[in-house]
Amino acid sequence: MSVTELAELIRRRQPCVVLTGAGVSTESGIPDFRSRTGLWAQFDPREYATIEAFRADPHKVWSFYKPRIAVLTEAEPNPAHLALAELERRGLVHAIVTQNIDLLHERAGSREVVEVHGSIRTASCPGCGERYPLERVVELLETADAPSCPACGRVLKPDVVFFGELLPVEAIDRATELARAAALLLVVGSALEVYPVAGLPLETLAAGGMLAIVNQGPTPFDAEAALRIDGAAGEVLPEVVAAL
Ligand SMILES: [Zn+2]
């Protein structure tokens, strides 16, 4: 029932902008951060995910990132990613704003993707500023525990947003603009706990747009949502596509 209601909302409320979080990728075998089985239950983010930690000991941070890069590059888009790409092809999704760094929306065929937390697409040298594509980083990791800049020898930093770093201005500006223009903001797989991204639903609501949420577990915005489905993105979204 609620799946057909969501399909109807998407059809009626255009433009529809989608906001995705870790929950959209867990079905691809990528662990989330904050759940009981998430990464932060095993790794203290202060030691592995802050910019201070990286500056103090980049090798230690890479002991966390090297296996993570392997998981991310081996993961495949799941039915949730594919369904969102299909909705975009049908003109029913205007853009995706994602907190994920895994490139899976792009690999599923989505075109308008705003990565507000950066991505693993590139890594940059804090020494000389040179930027390297993921394939090069993976190559460097074949013979080292942390990738060193071939030009100057400093340890590269993945171009993902660490705690203590500002979000890429262009991406968050574009995300805010999209949220304000959205007649429907569809949140998928995000508990909406991490600001400033968690503030995007407020932008949509303040501008007169509606909010729909597909997430396993509650979010602080459930009361404001026109529709809420507690379920796995990879099950719900293909059903929505089928109902359209
Ligand atoms: Zn360098």
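Residues numbered from 1 in each chain as written. Predicted model: local features only at pLDDT ≥ 70, side-chain atom pairs only at ≥ 80, totals over all residues. Heavy atoms only, no water.

Caption draft 1: Quick look at the overall build of the chain. Helices and strands together make up the secondary structure of the chain, namely eleven helices and nine strands. Compactness check: the chain gives a C-alpha radius of gyration of 18 Å against a globular reference of 18 Å for 244 residues, within 12% of the reference. Seen through its principal axes, the chain has C-alpha atoms that stretch 55 × 35 × 30 Å. Taken across its 244 residues, the chain has 52% of its residues classed as buried. In the chain, 67% of the contacts between residues at least 6 apart in sequence involve partners at least 24 apart. For the chain, the computed accessible surface area is about 11,200 Å², with 51% contributed by carbon and sulfur atoms. Here the chain contributes 22 positively and 33 negatively charged side chains, and the mean placements of these two sets differ by 2 Å. (Helix = DSSP H or I, 4+ residues; strand = E, 2+ residues; numbered from the N terminus. Rg over C-alpha atoms; globule rule 2.2 N^0.38 Å. Buried < 20%, exposed > 50% of the residue type's maximum accessible area, 1.4 Å probe, protein only. Contact = heavy atoms within 4.5 Å. Areas by Shrake-Rupley, 256 points an atom, 1.4 Å probe, with all protein chains shown as cover. Lys, Arg positive; Asp, Glu negative; His and termini not counted. Charge placed at Lys NZ, Arg CZ, Asp CG, Glu CD.)

Caption draft 2: A look at helix α5 (residues 58-74). Over its 17 residues, α5 runs 23 Å from end to end, which matches the ideal 24 Å to within 8%, given 1.5 Å per residue. F64 marks the point of greatest bend in α5, at about 30°, and the proline P67 comes within the next four residues. (Expected span 1.5 Å × (residues − 1). Bend = angle between axes of the 7 residues up to and from the residue.)

Caption draft 3: The sheet that holds strand β8 (residues 210-214), seen in detail. One open sheet accounts for six strands, arranged β3-β2-β1-β7-β8-β9; its pairing is parallel. The open sheet has two free edges, formed respectively by β3 (113-115) and β9 (227-229), since each of these has just one partner strand. On average, adjacent strands in this sheet sit at an angle of 15° to one another, irrespective of strand direction. Of the pairings in the sheet, the one linking strand β1 (residues 16-20) to strand β7 (residues 184-188) comprises five bridges and is parallel in character. Within the sheet, the bridge partner assigned to V17 lies in β7 and is L185. (Pairing = 2+ DSSP bridges. Axes fitted to C-alpha atoms, helices over the stretch in contact; angles between N-to-C directions.)

Caption draft 4: Up close: the pairing of β7. For β7, a buried count of five out of five residues is recorded, marking the element as mostly surrounded by other parts of the structure. Judged by which residues are buried, β7 turns out to be covered on both faces: L184, L186 and V188 on one side and L185 and V187 on the other are all buried.

Caption draft 5: Region of interest: the sheet that holds strand β4 (residues 118-124). Taken in spatial order, the three strands make up an open sheet running β5-β4-β6, and their pairing is antiparallel. For this open sheet the edge positions go to β5 (131-133) and β6 (157-160), each flanked by a neighbour on one side alone. Strand after strand, the sheet turns through a mean of 45° between neighbouring axes, direction not considered. Relative to β5, β4 runs antiparallel, the two sharing three bridges. Looking across to β5, one finds that A123 is bridged to Y132. Contacts between helix α8 (residues 134-142) and the sheet are confined to β4 and β5, with β5 contributing the most and set at about 85° to the helix.

Caption draft 6: Representation of the coordination of the zinc ion within the structure. Only C125 (SG), C128 (SG), C149 (SG) and C152 (SG) from the protein reach the zinc ion as donors, at distances of 2.3 Å. Around the zinc ion sit four donor atoms; with metal-centred angles ranging over 94 to 122°, the donor geometry is tetrahedral. Counting the intervening residues between successive donors of the zinc ion yields the motif C-x2-C-x20-C-x2-C. Of this pair, C125 sits in the loop between β4 and β5 while C149 sits in the loop between α8 and β6, and the two are 24 residues apart along the sequence. On the basis of relative accessibility, which here comes to 5%, the residue C125 falls in the buried class. Looking at C149, the relative accessible area reads 4%, which means it is buried. (Donors = N, O, S within 2.8 Å, 3.2 Å for Na, K, Ca; no water. Tetrahedral: all angles 85-135°; square planar, octahedral: opposite > 155°, others 65-115°.)

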